[in-house]
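Chain and residue survey
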Amino acid sequence: MPVSLLALAMSAFAIGTTEFVIMGLLPDVAGDLHISIPTAGWLISGYALGVAIGAPIMALLTARLPRKLSLVLLMVIFIIGNLLCAVAISYNFLMLARIITALCHGAFFGIGAVVAASLVAPNRKASAVALMFTGLTLANVLGVPIGTWFGQMYGWRSTFWGVAAIGVIAFIALIISLPSQKDETPTDLRREVSALGNGKLWLSLSMTVFFAAAMFALFSYVAPMLLQVTGITHQGVSWTLFLMGAGLTVGNILGGRLADWKVSVSLMLSFTFIAIFSLLFRWTSHGMWLAEITLFLWSMAAFATVPALQINVVLHGKDAPNLVSTLNIAAFNVGNALGAWVGGMVIARGYGLTAVPVAAAGLAVIGLIICLINFSNGTGHHQPATEQ
């Protein structure tokens with residue numbers, strides 16, 4: 001295994017942690033900056049919109065640069081953004097810092113996936129990309145609960161200092177370990193942009209949007225729900241986030257196997273179960289053990305969707321893999337912003353925290369409807385690697 005793959009995975013871990021850890025710290029940030037929970041929730045939406053807008057822009061700006069240089073520069077932006085988060089003295093300052101941090105997100109994963117695949121033999125490309133994205137999975141399993149606990153113990157700013165430090169280590173690892181590939185072919189932007197005329201591609205991206213919206217409508221406000229509805233302690237929140245991270249990991253593995261069999265069935269089942277478990281949490285959130293079990297199953301259903309979404313998008317945009325991969329990350333973060341906004345609006349309108357899972361279920365149903373439309377002509381039911 002090339003050491004450079006570990007550097008990419010470490011970078012993915014840092015980026016994933018800084019995106020998701022704010023959810024566990026939402027009550028602490030809101031209390032410290034004297035803002036409401038829904039207002040604090042906009043920090044999630046702001047980051048997501050920063051990714052969505054910044055991903056294609058940064059991909060175009062770095063298209064002519066060597067990939068190693070692009071990744072190193074993007075990690076510099078990441079470090080600066082987290083340092084600004086750590087010293088933020090106001091809500092507006094923190095929002096700006098989150099947006100700056102988000103600019104590197106989409107392009108890093110898009111370029112990083114291409115680099116990871118180039119580091120190994122052709123028959124190991126998928127495994128190399130999966131290894132890089134393992135860093136993102138570990139961010140949910142370890143980074144978020146540990147970062148949440150650290151922020152609760154030493155103040156939420158300490159978490160961002162810690163993530164910035166991990167970013168510096170990843171930055172050094174990238175410089176030392178990534179090879180300079182002198183035979184790189186510059187991206188043909190016209191060819192990639194022209195491949196975006198496929199209607200099925202945009203339906204696939206829409207599924208990604210509503211998957212992420214359904215996920216983050218609930219995930220964004222899970223900490224306040226656990227504290228105020230379930231009645232567990234701050235330490236209990238950290239342990240629950242760890243449990244959810246384990247569910248995400250198991251779901252990702254099972255979802256990959258199901259997607260290898262049938263993409264259409266995988267997506268339909270995943271959207272259905274996300275809706276069911278979200279709706280169940282409306283009632284099970286009042287009891288600790290029922291809440292924990294429901295959130296674990298919900299997490300499994302949520303990340304079981306990811307492999308099938310990625311395969312579906314790449315298959316429909318196979319003539320523009322770099323741009324499509326980046327756009328899928330942008331679509332994910334548009335959904336992230338939409339879900340956090342919907343959850344915040346439900347709370348702000350006075351429906352209460354227990355109405356948030358109902359809204360999440362509704363977003364999952366919309367995703368299921370788009371999924372049914374996408375596969376209505378019978379395509380996608382059998383999934384070899386080269387056809388839809």
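Refer to the structure above for everything that follows.
Residues numbered from 1 in each chain as written. Predicted model: local features only at pLDDT ≥ 70, side-chain atom pairs only at ≥ 80, totals over all residues. Heavy atoms only, no water.

**Concerning the overall build of the chain**
Selection rule: Numbered from the N terminus, helices here are DSSP runs of H or I no shorter than four residues, and strands are runs of E no shorter than two. Categorising residues by exposure relies on relative accessible area from a 1.4 Å probe, with only protein chains included: less than 20% of the type maximum marks a residue as buried, more than 50% marks it as exposed, and the intermediate range marks it as partly exposed. Contacts are assigned to residue pairs with any non-hydrogen atoms lying within 4.5 Å of each other. Residue burial considers only the protein chains on display, and all accessible areas are found by Shrake-Rupley using a 1.4 Å probe.
A tally of regular secondary structure across the chain gives 15 helices and 0 strands. For the chain, the residues scored as buried account for 56% of the 388 residues in total. Partitioning the intrachain contacts of the chain with sequence separation of at least 6 by distance along the chain shows that 83% fall at a separation of at least 24. Surface exposure of the chain reaches about 15,400 Å², of which carbon and sulfur atoms provide 72%.

**Some words on the nonpolar core**
To keep things clear, this is the line we draw: Buried Ala, Val, Leu, Ile, Met, Phe, Trp, Tyr and Cys residues that are joined via side-chain atoms within 4.5 Å together make up what is termed a nonpolar core.
Core analysis: the largest hydrophobic core is formed by 117 residues, its most contacted members being Leu-8, Phe-108, Phe-211, Met-215, Phe-219 and Leu-267. The biggest single contributor to this core is helix 1 (residues 3-33), with 15 residues.

**Some points on the environment of Ala-355**
By secondary structure assignment, the location of Ala-355 is in the loop between helix 14 (321-348) and helix 15 (356-374). The class of Ala-355 is buried, set by a relative accessible area of 18%. Taking the C-alpha atoms as reference points, Ala-355 and Arg-282, separated by 73 residues in sequence, lie 6.8 Å from one another.

**Focus: the packing of aromatic side chains**
Applicable threshold: Here is the rule: rings of Phe, Tyr and Trp (six-membered ring for Trp) pair when centre to centre is within 6.5 Å. Planes less than 30 degrees apart are stacked, more than 60 are edge-to-face, and the remainder are tilted.
Inspection of every chain in the model, using the stated rule, returns 12 aromatic pairs. Measuring from centroid to centroid gives 6.4 Å for Phe-108 and Phe-109, while their planes differ by 85 degrees, and the two rings are edge-to-face. Since its relative accessible area comes to 1%, Phe-109 is described here as buried. Seen in terms of ring centroids, Trp-149 and Tyr-154 are 6.4 Å apart; in terms of plane orientation they differ by 90 degrees. Their pairing is edge-to-face. With a relative accessible area of 34%, Trp-149 lands in the partly exposed category. Among the aromatic residues, those joined into a ring-pair cluster are Phe-20, Phe-211, Phe-216, Phe-219, Trp-298 and Phe-332.

**A closer look at the environment of Glu-19**
Assignment of secondary structure puts Glu-19 in helix 1. Classification of Glu-19 by relative accessible area gives buried; the value is 1%. Counting along the chain gives 79 residues from Glu-19 to Arg-98, while the straight-line C-alpha distance between them is 8.7 Å. Non-local contacts of Glu-19, meaning those with residues more than four positions away in its chain, are made with Tyr-47, Arg-98, His-105, Asn-333 and Asn-336.

**Considerations on the side chain of Thr-101**
This is how it is decided: Polar contact criterion, stated in full: a pair of N or O atoms within 3.5 Å, where within protein one must be able to donate a hydrogen and the other to accept it, and residues adjacent in sequence count only if both atoms are side-chain atoms.
Within the secondary structure, Thr-101 sits in helix 4 (residues 91-102). Polar contacts involving the side chain of Thr-101 include one to the main-chain carbonyl oxygen of Gly-81, which spans 3.3 Å. What Thr-101 contacts, discounting residues up to four positions off in sequence, is Thr-18, Tyr-47, Phe-78, Gly-81, Asn-82 and Cys-85.

**Regarding the packing of helix 9 (residues 199-219) against helix 15**
Defined as follows: Lines fitted to C-alpha atoms define the axes here, with helix axes fitted over just the stretch in contact, and angles between the N-to-C directions of these axes take values from 0 to 180 degrees. Oblique is the label for any angle not covered by the other classes, which are roughly parallel (under 35 degrees), roughly antiparallel (over 145) and roughly perpendicular (65 to 115). Crossings are classed by handedness, with left-handed meaning an anticlockwise turn of the near helix from the far one by less than a right angle and right-handed meaning a clockwise turn.
Running from amino to carboxyl end, helix 9 crosses helix 15 at an angle of 165 degrees, the nearest separation of the two axes being 8 Å. Between helix 9 and helix 15, the crossing angle belongs to the class labelled roughly antiparallel. Helix-helix and strand crossings are classified by hand; for helix 9 and helix 15 the assignment is left-handed. Contacts between helix 9 and helix 15 pair Lys-200, Leu-203, Ser-204, Ser-206, Met-207, Phe-210, Ala-213, Ala-214, Ala-217 and Leu-218 from the former with Val-356, Pro-357, Ala-360, Leu-363, Ala-364, Ile-366, Gly-367, Ile-370, Cys-371, Ile-373 and Asn-374 from the latter.

**Observations concerning the environment of Met-10**
On the secondary structure map, Met-10 appears in helix 1. Measuring from C-alpha to C-alpha, the distance between Met-10 and Leu-174 comes to 9.5 Å, with 164 residues separating the pair along the chain.

**Brief notes about helix 3 (residues 67-86)**
Worth spelling out the cut-off: By definition here, a helix of n residues has an expected span of 1.5 Å times n minus one.
Between its terminal C-alpha atoms helix 3 stretches 29 Å, which fits the 28 Å expected from 20 residues at 1.5 Å a residue. Within helix 3 the residues assigned to the buried category are Arg-67, Ser-70, Leu-71, Val-72, Leu-74, Met-75, Phe-78, Ile-79, Gly-81, Asn-82, Cys-85 and Ala-86.

**Describing the pattern of salt bridges**
As a reminder, the rule being used: What makes a salt bridge here is a side-chain nitrogen of Lys or Arg within 4 Å of a carboxyl oxygen of Asp or Glu, nothing more.
For the structure shown, the criterion picks out 1 salt bridge. Its salt-bridge partner being Asp-32, residue Arg-157 comes within 2.9 Å of it at the nearest N-O pair. Of this pair, Arg-157 sits in helix 7 (residues 156-177) while Asp-32 sits in helix 1, and the two are 125 residues apart along the sequence. By relative accessible area, Arg-157 is classed as partly exposed at 25%. Residue classification places Asp-32 among the partly exposed positions, given a relative accessible area of 36%.

**Digging into helix 5 (residues 105-118)**
With 14 residues, helix 5 extends 20 Å from end C-alpha to end C-alpha; this agrees with the ideal 20 Å at 1.5 Å per step. Burial analysis of helix 5 places 12 of its 14 residues in the buried class, which makes it a mostly covered element. When helix 5 is considered as a whole, its buried residues turn out to be His-105, Gly-106, Ala-107, Phe-108, Phe-109, Gly-110, Ile-111, Gly-112, Ala-113, Val-115, Ala-116 and Ala-117.

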